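Single-letter residue listing:
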Amino acid sequence: MTIASSSPPSRLPLGGAEGARTKPRTDRSRAGENRGDGRLAAVFIAPALLGFLVFLLWPTLRGIYLSFTRYNLLTPPEWVGLDNYVRMVNDPIFWDSLKVTVEYVLINIGVQTVAALAIAVLLQRLTQSALLRGIVLTPYLMANVVAGIVWLWILDTQLGIGNEIISGLGFDRIPFLADDTWAIPTIALINVWRHVGYTALLLFAGLQAIPNDMYEAAKVDGASEWRMFWRITMPLLRPVLAVVLIMTVIGSFQVFDTVAVTTLGGPANATNVLQYYIYGAAFGRFQFGYASAMSVALLVVLSAITFVQYRLTRAGQTDLG
Amino acid sequence: MADLAAVATTTTVRPTRRRPSFGRIMAWAVMAAIVLITLLPFYWILRTALSTNTALAAHPGDPLPVDLTAGGFERALGLQSTKEAIAQGGAGGGLKFWRYLINSVIVSTLITVCQIFFSAMAAYAFARLRWRGRDKMFGLFLAGLMVPAIFTLLPNFVLIKQLGLVDTLLGISLPTMFMTPFAVFFLRQFFMNVPREVEEAALLDGAGKIRIFFRVMLPMASTPVLTLGVLTYITAWNDYFWPLMVSYSDSSRVLTVALAIFRAQTPQTGYDWSGLMAATLIAALPMVVLFGIFARRIVSSISFTGIK
């Protein structure tokens, strides 16, 4: 869930268009005075290119290659064709883990998007306070590990203040992270707590692009805030919302840290999210080939979801004239 | 960017000086609730860290620290003897958060400084230098955005192991030290928007391209570089999965990994919540301070990072 890993692939078309638009002008103004800076460019690009080839392109290709091998780190990889994939399709724990991950993503993204939208609109329509924006962002400064441990404590069944309040109100204590029906929603909400502020700020930035006159005009016509939200804010925010949604969904599918410090995949595999299962296969059982195959599966799922989302939300187009 | 926020404030607040409606009061109530949910856990960390474990068990709902002590912090920093630690409900295992703190600082600094500098160089070459294959190469970098970082972790671990860099700080830093497609893309966008006249004026003065990059472009990009830098630092500091794979011993252990280990060392009597919260605070505080210093410039330019 880093900015790097959650950066939207949807920037691709945006960036592509940008490049295409500016290029002709660039060439014309440059042509007279400067015929290329090949040598200098080579120096400037070299470190980044090295990093790209060695730590991004090569591992991607190697990850795909390893998924067709049996590999335990100690002996060289041994080509086994589609064995890992056959095994994956027949592995009930894999399917269960995929199901758990999807459940997590649906709750996490559903709650987070609605909450972030609400916060962003409040920050725009109610107050423009930079202090409030700073406060909303603070949980994002914590590591997932920190957020996980803090909420593990707050929600502790016996001693946690959360359960103290619940029992003080006359309800039964809830074993949030120890119960198989509660665990996934709880982890999903912990991560909402950490990420919602950052998401809200991204949406807030999108809201800033909506001309204020539109709200002024609507107000003169007697429109309510509720109506303005549905008729002005939502339609005009759509492209930004779509991009944010795509990048948060990708981040959400990669959940690992919170599970690793709270439930360790339990109780009884109830929170065995895909990334946790992959980690266990690689570093617990040294099945790097099988782990790689599951990573490829995740990659394919993510690409498909991104493509569908991109199409459905028309993320590349704007309605703002 | 900071000015942008100021402008926005003056233009939007203007017409809302009426009797507060029911809806507005409700909206403020919701905002207040959000602030509470956001900030209360931080208070609870502090309150727990300053309490003793025995008192915590006796008074779980007390809003103030119970049986005020610095024992939790001493335990987290490894200042207590094993016997003392066990007596106070700790695990007694040696934890040297000073060491981990320094490791985290080294790793995050190395990643941030190198990544931003190299990415800025590449971004400048993509935005303002003319060379053959530029657009094709940029397309390739952009395609890198499509690969979730997590996919490269396993193969990168294999590579780091083959390089003999497992359990070193360099091994943790290396994969993100040279670039991320996002950083290159983000800075290129900025450089492309710098008016060409600025660069041409410097060229007429006889400055070379290298000089222009260091003396004109980089200083102009100070706000985006700062924003990207702080976000990169926070991301590197908070990363858990990759350091977990690469580091095995104290020599390369960073705070997040140490925290998870601390959490896993459950003493006989139950969790050492006091020590755990103290450790959590030590791990989280530096980022709060860092953010506090630059908050004014960053909060308003996150827009820039996210979407534009």
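Residues numbered from 1 in each chain as written. Chains lettered and ligands numbered in written order. Predicted model: local features only at pLDDT ≥ 70, side-chain atom pairs only at ≥ 80, totals over all residues.

1. Section: the interface of chain A and chain B
Put simply, the test is: Once C-beta atoms are placed from the backbone, any two residues with those atoms within 7 Å are in contact. Secondary structure elements follow DSSP: runs of H or I of four or more residues count as helices, runs of E of two or more count as strands, with numbering from the N terminus.
At the interface, 86 residues of chain A touch 93 residues of chain B. No other element matches the 17 residues that helix α2 (residues 38-66) of chain A contributes to the side of chain A that touches chain B.

2. A look at the domain arrangement of chain A
The condition that has to hold: Each domain span listed reflects an automatic or database assignment of domains.
Assigned domains of chain A: these are domain 1 (26-66) and domain 2 (86-313). Between domain 1 of chain A and domain 2 of chain A, the C-alpha centre-to-centre distance is 35 Å.

3. Some details on the nonpolar core
Applicable threshold: Residues of type Ala, Val, Leu, Ile, Met, Phe, Trp, Tyr and Cys that are buried and joined through C-beta atoms within 7 Å form what is called a nonpolar core. Counting other C-beta atoms within 10 Å of each residue's C-beta, where C-beta atoms are placed from the backbone, gives the exposure class: buried for 20 or more, exposed for 12 or fewer, partly exposed between.
Formed by 178 residues in total, the largest nonpolar core has its most connected members in Ala48, Val146, Ala200 and Leu203 of chain A together with Ala122, Tyr124 and Val184 of chain B. Per-element accounting of this core gives the leading share, 15 residues, to helix α8 (residues 183-208) of chain A. Once residues lying within four places of it in the same chain are set aside, the contact partners of valine 146 of chain A are Leu259, Thr280, Ala283 and Ala284 of chain B.

4. Thoughts on the confidence of the model for chain B
When pLDDT drops low, the exact placement of atoms in the prediction is not to be read closely. All names here are of chain B. For the record, the criterion: Residue-level confidence of the predictor is what pLDDT reports, using numbers from 0 through 100.
Summarising the model, chain B shows a mean pLDDT of 83, and 87% of its residues fall at 70 or more. Here helix α1 (residues 2-13) is the element of chain B with the lowest mean pLDDT, 38, and helix α9 (residues 169-177) is the one with the highest, 95. Segment residues 304-308 is flagged for pLDDT under 50; beyond a separation of four residues in sequence, or across chains, it makes 16 contacts in the model. Interface confidence in the predicted complex, given as ipTM, is 0.85; pTM for the same model is 0.85.

5. Observations regarding the environment of alanine 284 of chain B
Turning to its location among the elements, alanine 284 of chain B is positioned in helix α16 (residues 273-306). Its 25 C-beta neighbours within 10 Å are what place alanine 284 of chain B among the buried residues. The spatial distance from the C-alpha of alanine 284 of chain B to the C-alpha of threonine 256 of chain B is 9.6 Å, given a sequence separation of 28 residues. Apart from the residues lying within four places of it in its own chain, the contact partners of alanine 284 of chain B are Leu141, Met142 and Val146 of chain A.

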